[in-house]
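Given next are the chains, with one letter for each unit.
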Amino acid sequence: MSNEGQIYRISGPVVTAKGMSAAMYDVVRVGEEGLMGEVIEIHGDQSVIQVYEDTSGIRPGEPVLNTQETLSVALGPGLLTQIYDGIQRPLQTLEEQMGFFITRGVDADAFDMEKTWTFEPVASVGDEVSGGNVIGHVQETETIVHKIMIPPNVSGTIKSIESGDFNVTQTVATLEDGTEIQMMQKWPVRSPRPFQTKYAPDTPLITGMRILDFLFPLAKGGAAGIPGPFGSGKTVTQQSLAKYSDAQIVVYIGCGERGNEMTEVLDEFPHLIDPNTGKPLMNRTVMIANTSNMPVAAREASVYTGITIAEYFRDMGYDVALMADSTSRWAEAMREISSRLEEMPGEEGYPAYLSSRIAEFYERAGRVNTLSGEDGSVTAIGAVSPPGGDISEPVSQGTLRIVKVFWGLDAGLARQRHFPAINWLNSYSLYPPSLDQWYRDNIGQDFPEIRTAISGLLQIEAELQEIVQLVGSDALPVDQQLTLEVARMIREYFLQQNGFDPIDAYCDINLQYRMAKAVLTFQDAAKSAMGAGSALSDVVNVPARSALLRGRFEEGYIDRIDDMVKAMVDEIEATVEEN
Amino acid sequence: MAGKEYRTITDVKGPLVFLNKTEPVAYGEIVSLRLSNGDIKNGQVLDTSDDMVVVQVFEGTAKVDRQAGVTFLGDVFKLPVSTDLVGRILDGAGRPRDGGPEIVADEKADIIGAAINPYSRQSPHDFIQTGISAIDCCTTLVRGQKLPIFSASGLPHNDIALQIARQAKLKDSDEEFIVVFCAMGITAEEYNFFRSDLERTGALENAVLFVNLADDPAVERIITPRLALTAAEYLAFEQDYHVLVIYTDMTNYCDALRQIGAAREEVPGRRGYPGYMYTDLAMLYERAGIVKGKKGSITQFPILTMPGDDITHPIPDLSGYITEGQIVISRELHQQGIYPPINVLPSLSRLMGSCIGEKTTRDDHKKVSDQMYAAYAQGRELRGLVAIVGEDALNERDKQLLDFSAIFEDRFLRQSRDEDRSIDETLDLCWELMSNIDTKYLVRLDEELIAKYHPENRA
Ligand SMILES: Nc1ncnc2c1ncn2[C@@H]1O[C@H](COP(=O)(O)OP(=O)(O)O)[C@@H](O)[C@H]1O
Ligand SMILES: [Mg+2]
């Protein structure tokens, strides 16, 4: 059989070809227009192909050509600041070539092949190198040095190495055996990139969101799931993570979601400053946008394109954070293709391999020792969109089985405009035991104890609320009424954080710690004042307390908070004397 | 290409016809069927191979037998577009329904539509004043947004949609919208209601209607909204119009999708709807918006009726995952005699933040809206508590909030069907109503705004 065959059947995005030799995941060109597709099943001399573009108007009998490459991404300088579709075509190039509607049959290089970059060698002639070794640096954006690495399966002795301006396909080094090294390499998206060893994570990914960093922390190299019904805040949370988390590189995948949300990111990020570097956020960001109305097969590919790019930056020794909004749309793309293949369905029509695909995806996260011996990590955060908000469905369950952090968004909280609408009673993180040392050493010796105190108060509040529902709060003893006030303070002052507030949207971890302590200080001061005869309402209403609460919306709060807490304590103590 | 007629039908099932021994037929190609009695039906290719072709017949397969002749027309479904569409009434397949002439095409546009490149989109930011307080204050509509009405049978969603169509305008501008109206399986009575209202107000001259009624072929509903959106895209992006697309009822559309899925023996998703319904709906809803460098825009108002008033039913659920918010109509408020019975609590406009404030509406809009919402939400919740412990158990603050929730419904929500409140009137009304609550409980308003707008300080 040859590389060329004919179309036998077309059913939506799935095309069957006859008479063509093929291996699984070969990339093929379908029809007269050469639409890109990938072999996903082989039966006798028929290859079943998922096509990444619309198939209307294509006929049986048209040619199919096997390129014999597997679906790969191009990796090299030029990735950062780009926005791609699911198969790594830059949306800007697509616009230049076809206008504002995405039509089909257009190929586009992943980045500018002509553009030159200044290559500074860091290896020398005679060096023994192997896959992953860094041989040179390119200052890709203001903040990021792109490290040029030997491709994973190559090794040898450097015979020559250049210095100066090159484009990504020009040779910058040659090995003794004649292998030429360019700044661009390719990697098949469905295979994880290799590393030496995986470590247990021990450092938190600091996000600037109090409920996350404080109560349900995520480790660098960890994985988290954010399930929630529509309108509960999945996208706002993912975008906040992309803006504020202390990763060095961010890969943001808009997978089967709204077009306008990607436009918003594109409009906003170039003007936003990364609180960790003080430079525009775009410098560290790669975006993938395969919106809900773009071809589903490319949506299926988009998460792999994204995680492969993330792994590539990890291999340079960076901490990478990847957001996928929403993994449910990826799962639905699998379901759609699977049903066209007439595969035996599992639960709710999803293919039987759904949960293993989800697990394989999150397994590509991790903190590793790279091939070049550096430390790097990929942290993966997936939004999940359960039908009707009910997480007993297969995608939520498949995700919860593998991730160690569950940030459960709650429609009720969103309706009360409590944002982020993360339910503190059912969310969890399994990382605190491995991160507590970091928190003690870097933020405060008593950090874990404060966390326990805060979450304990929230638990007690939940129990007390049940009683209040029946008898009203006035019927409770005053010490319990105080507990309710303290818990309210935790919710409204500490947990609530408007993602759009110019100041409060990002909260320094040291400030988080002081705010949590401020709540506990209030509790102590109130308790002793009330023990000495003060009324709860007097204690709650001291002016210095409202000043403390409002302070978080003002610049420089971190410098003032300790004094404000002191003023509050003084005023609370003074309520005793007034009595 | 067109020409050869095949008589090779093997099976007829539900809305589908299966035939074999054809020349190569394109995926998505349109098809004409000639029945033995001379009737003509239309369809589209859903699956094609060397051995077998599956055709979906828009008019349904009644009277189709194995002798029917099938002709493939060599092209995918296209709509002739021109500005002559404006003022016309077409049927669910795009043929004149008003007795007028065929549309003379400037060009023919593929009705499936291509995805707008996210890189080419322009974020919507122009405030549309609908004159309905609940919408303008709490779930503000933005030009280029897709904002569905989640309703249920027997509720006045049509009145609300028409009131919006009549009153919608940019603040301080009389730039008009062109209305593209798309009926899918609604009753003749509902349709007449829409048509006569558009006629009465003169809007019909500036509208295009695509009409598939309850007794029209169900499968045709799959293409009706695509025709409407194709017309909308032409008018918006090639003729610079601002287009408001109203389509009703999405529930009938989804039921037609389910019918086809069942006939193809596909593995069904939730409640029997196809697993690809999310993608399919997205291919309609995402055809809203604005693109850079173009003057026009498409704003969408899909109407859907929630089966069993259940917002978690797949139709509202999948819609809510795609659209930029939702306006929820409440049976309870309707039964209290309140029009428009909009429940602001589960309603949301995701784009509101981009179009309100000092430069566009008023400096107090955001805070007023938050405060109205919070006070009403708390008041409503207290109704539950009062039912158990009685009103006397409430403290002063709670009593005020409870009373406020009734005032909110009676004076803020309630307005007449032709009452067109400006945004200033709406916001002033909010202040007037909030003055029933002690200022110390209005924690979401700041002192500056209170000094500027509170009735006590304005008098
Ligand atoms: N952290 C937040 N701060 C402020 N508003 C929020 C926050 N999260 C969600 N919202 C509000 O809720 C709306 C829906 O949030 P979104 O993230 O789009 O939900 P989802 O992606 O779950 O459908 C937003 O438009 C915004 O008004
Ligand atoms: Mg979202």
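Residues numbered from 1 in each chain as written. Chains lettered and ligands numbered in written order. Predicted model: local features only at pLDDT ≥ 70, side-chain atom pairs only at ≥ 80, totals over all residues. Heavy atoms only, no water.

Chemist: Would you take a moment to explain the packing of aromatic side chains for this structure?
Modeler: Given two aromatic rings, one states the distance between the centres and the angle between the planes to describe the pair. Under the defined criterion, the tally for this structure stands at 25 aromatic pairs over all chains. Ring geometry for W330 of chain A and F361 of chain A: centres 5.5 Å apart, planes at 55°, overall tilted. With a gap of 31 residues between them, W330 of chain A in helix α6 (residues 327-340) and F361 of chain A in helix α7 (residues 354-363) connect regions that are remote in the sequence. When sorted by exposure, W330 of chain A lands in the same class as F361 of chain A, which is buried. Each member of the aromatic cluster is reached from another via a ring pair, and the members are F214, W438, Y439, F447, F494 and Y513 of chain A. The ring centre of Y373 of chain B lies 3.8 Å from the NZ or CZ of R417 of chain A, which sits over that ring. If you follow R97 of chain B out to its NZ or CZ, it ends over the ring of Y191 of chain B, 5.6 Å from the centre. (Phe/Tyr/Trp six-rings, centres within 6.5 Å; stacked < 30°, edge-to-face > 60°. Helix = DSSP H or I, 4+ residues; strand = E, 2+ residues; numbered from the N terminus. Buried < 20%, exposed > 50% of the residue type's maximum accessible area, 1.4 Å probe, protein only. Lys NZ or Arg CZ within 6 Å of the ring centre and 35° of its normal.)

Chemist: Hey, could you run me through the sheet that holds strand β16 (residues 169-170) of chain B in this one?
Modeler: Neighbouring strands of a sheet are bound in pairs by backbone hydrogen bonds; such pairs are parallel or else antiparallel. Residue and element names in this part refer to chain B. Pairing in this open sheet of 3 strands is antiparallel, and the strands run β14-β13-β16 from one edge to the other. The open sheet has two edge strands with one neighbour each: β14 (141-142) and β16. Of the pairings in the sheet, the one linking strand β13 (residues 127-129) to β14 comprises 2 bridges and is antiparallel in character. When the sheet's bridge partners are listed, I128 is paired in β14 with L141. (Pairing = 2+ DSSP bridges.)

Chemist: What is the right way to read helix α5 (residues 296-315) of chain A from this model?
Modeler: Along an α-helix, residues three or four positions apart point the same way, because every turn accommodates 3.6 residues. Residue and element names in this part refer to chain A. In this model, α5 (20 residues) spans 30 Å end to end at C-alpha, consistent with the 28 Å of a helix rising 1.5 Å per residue. Counting buried positions along α5 yields 20 of 20 residues, so the element is predominantly enclosed. G317 sits one or two residues past α5 and shows a positive phi near 95°. (Expected span 1.5 Å × (residues − 1).)

Chemist: Please explain the sheet that holds strand β12 (residues 134-139) of chain A as it appears in this structure.
Modeler: Residue and element names in this part refer to chain A. If you walk across this open sheet you meet the 4 strands as β13-β12-β10-β15, and the pairing is antiparallel. Across the chains shown, the open sheet's two edge strands, defined by having one partner strand only, are β13 (145-149) and β15 (164-167). The average angle at which neighbouring strand axes cross in this sheet is 40°, direction not considered. Two strands pair when backbone bridges link them, and strand β10 (residues 116-121) and β15 are joined in this way by 4 bridges, in the antiparallel orientation. When the sheet's bridge partners are listed, W117 is paired in β15 with F166. (Axes fitted to C-alpha atoms, helices over the stretch in contact; angles between N-to-C directions.)

Chemist: Explanation requested: the site of ligand 1 in the structure shown.
Modeler: Ligand 1 sits among 15 residues. The nearest are G231, K234, V236 and G499 of chain A together with R350 of chain B. Mapping the residues near ligand 1 onto chains gives chains A and B. The side chain of T235 of chain A places a nitrogen or oxygen atom 2.8 Å from an oxygen atom of ligand 1. G499 of chain A places a main-chain nitrogen or oxygen 2.7 Å from a nitrogen atom of ligand 1. Here ligand 1, which alone exposes 560 Å², has 89% of that area covered by the protein. Here the residues of the shell around ligand 1 sort into 6 nonpolar, 7 polar and 2 charged. (Near = heavy atom within 4 Å. Polar contact = N/O pair within 3.5 Å; in protein donor to acceptor, adjacent residues only side chain to side chain. Areas by Shrake-Rupley, 256 points an atom, 1.4 Å probe, with all protein chains shown as cover. Nonpolar A, V, L, I, M, F, W, Y, C, P; charged D, E, K, R; others polar.)

Chemist: Which parts of the structure should I look at to understand a negative patch on the surface?
Modeler: On the surface, D84, D106, E107 and E238 of chain B cluster together into a negatively charged patch. Along the polypeptide, D84 of chain B turns up in the loop between β8 (78-81) and β9 (89-91). (Patch = residues over 30% accessible without salt bridge, like charges linked within 9 Å, V, L, I, M, F, W, Y side chains within 5 Å. Salt bridge = Lys/Arg side-chain N within 4 Å of Asp/Glu carboxyl O. Lys, Arg positive; Asp, Glu negative; His and termini not counted. Charge placed at Lys NZ, Arg CZ, Asp CG, Glu CD.)

Chemist: What exactly am I supposed to notice about helix α13 (residues 509-531) of chain A here?
Modeler: All names here are of chain A. If you check α13, its first and last C-alpha atoms are 33 Å apart, about what 23 residues at 1.5 Å a residue would give, namely 33 Å. Sitting at the head of α13, D508 places a side-chain oxygen 2.7 Å from the backbone nitrogen of N510. Two residues or fewer after α13 comes G533, characterised by a positive phi angle close to 110°.

Chemist: Please clarify how the pairing of β8 of chain B should be interpreted in this entry.
Modeler: Two faces, one strand: in a regular strand the side chains alternate between the faces of the sheet. Residues and elements named next belong to chain B. Here β8 shows a clear split, with L79 and V81 buried on one side and none of K78 and P80 buried on the other. As defined by bridge partners, β8 adjoins strand β10 (residues 107-110) across 4 bridges and the pair is classed as antiparallel. Across the sheet, K78 pairs through a bridge with D110, a residue of β10.

Chemist: Could you clarify how one ought to interpret the interface of chain B and chain A in this entry?
Modeler: When the parts of a complex come together, some accessible area is lost, and that lost area is often taken as the interface size. On the chain A side, the residues contacting the 60 residues of chain B number 62 residues. Buried area between chain B and chain A, both sides added, is near 5400 Å², and the carbon and sulfur share of it is 54%. Together, Y27, Y119 and Y321 of chain B form the three largest contributors to the area buried by chain B at its contact with chain A, with a combined 15%. In this assembly, chain B and chain A are joined by 3 salt bridges. Linking chain B with chain A are 33 residue pairs in polar contact (both at pLDDT 80 or more), by the criterion used here. If one sorts the elements of the side of chain B that touches chain A by residue count, helix α7 (residues 314-322) of chain B sits on top with 5 residues. The class makeup of the residues in the side of chain B that touches chain A is 31 nonpolar, 15 polar and 14 charged. In this structure, strand β9 (residues 101-102) of chain A lies alongside strand β11 (residues 115-116) of chain B, joined through 2 bridges in antiparallel fashion. When the sheet's bridge partners are listed, I102 of chain A is paired in β11 of chain B with A115 of chain B. (Contact = heavy atoms within 4.5 Å. Buried area = accessible area lost by both parts, 1.4 Å probe.)

Chemist: Looking at this structure, how should I read the pairing of strand β2 (residues 14-18) of chain A?
Modeler: Residue and element names in this part refer to chain A. Judged by how many residues are buried, β2 sits mostly within the fold: 4 of 5 residues are covered. The pairing of strand β1 (residues 4-11) with β2 spans 5 bridges and is classified as antiparallel. Across the sheet, the residue bridging to I10 is V15, located in β2. The hairpin turn running from β1 into β2, its antiparallel successor, is 2 residues long, and G12 in that turn takes a positive phi close to 60°. By the bridge criterion, 5 bridges tie β2 to strand β5 (residues 46-51) in an arrangement that is antiparallel. Each bridged residue has a counterpart across the sheet, and for V14 the counterpart in β5 is Q50.

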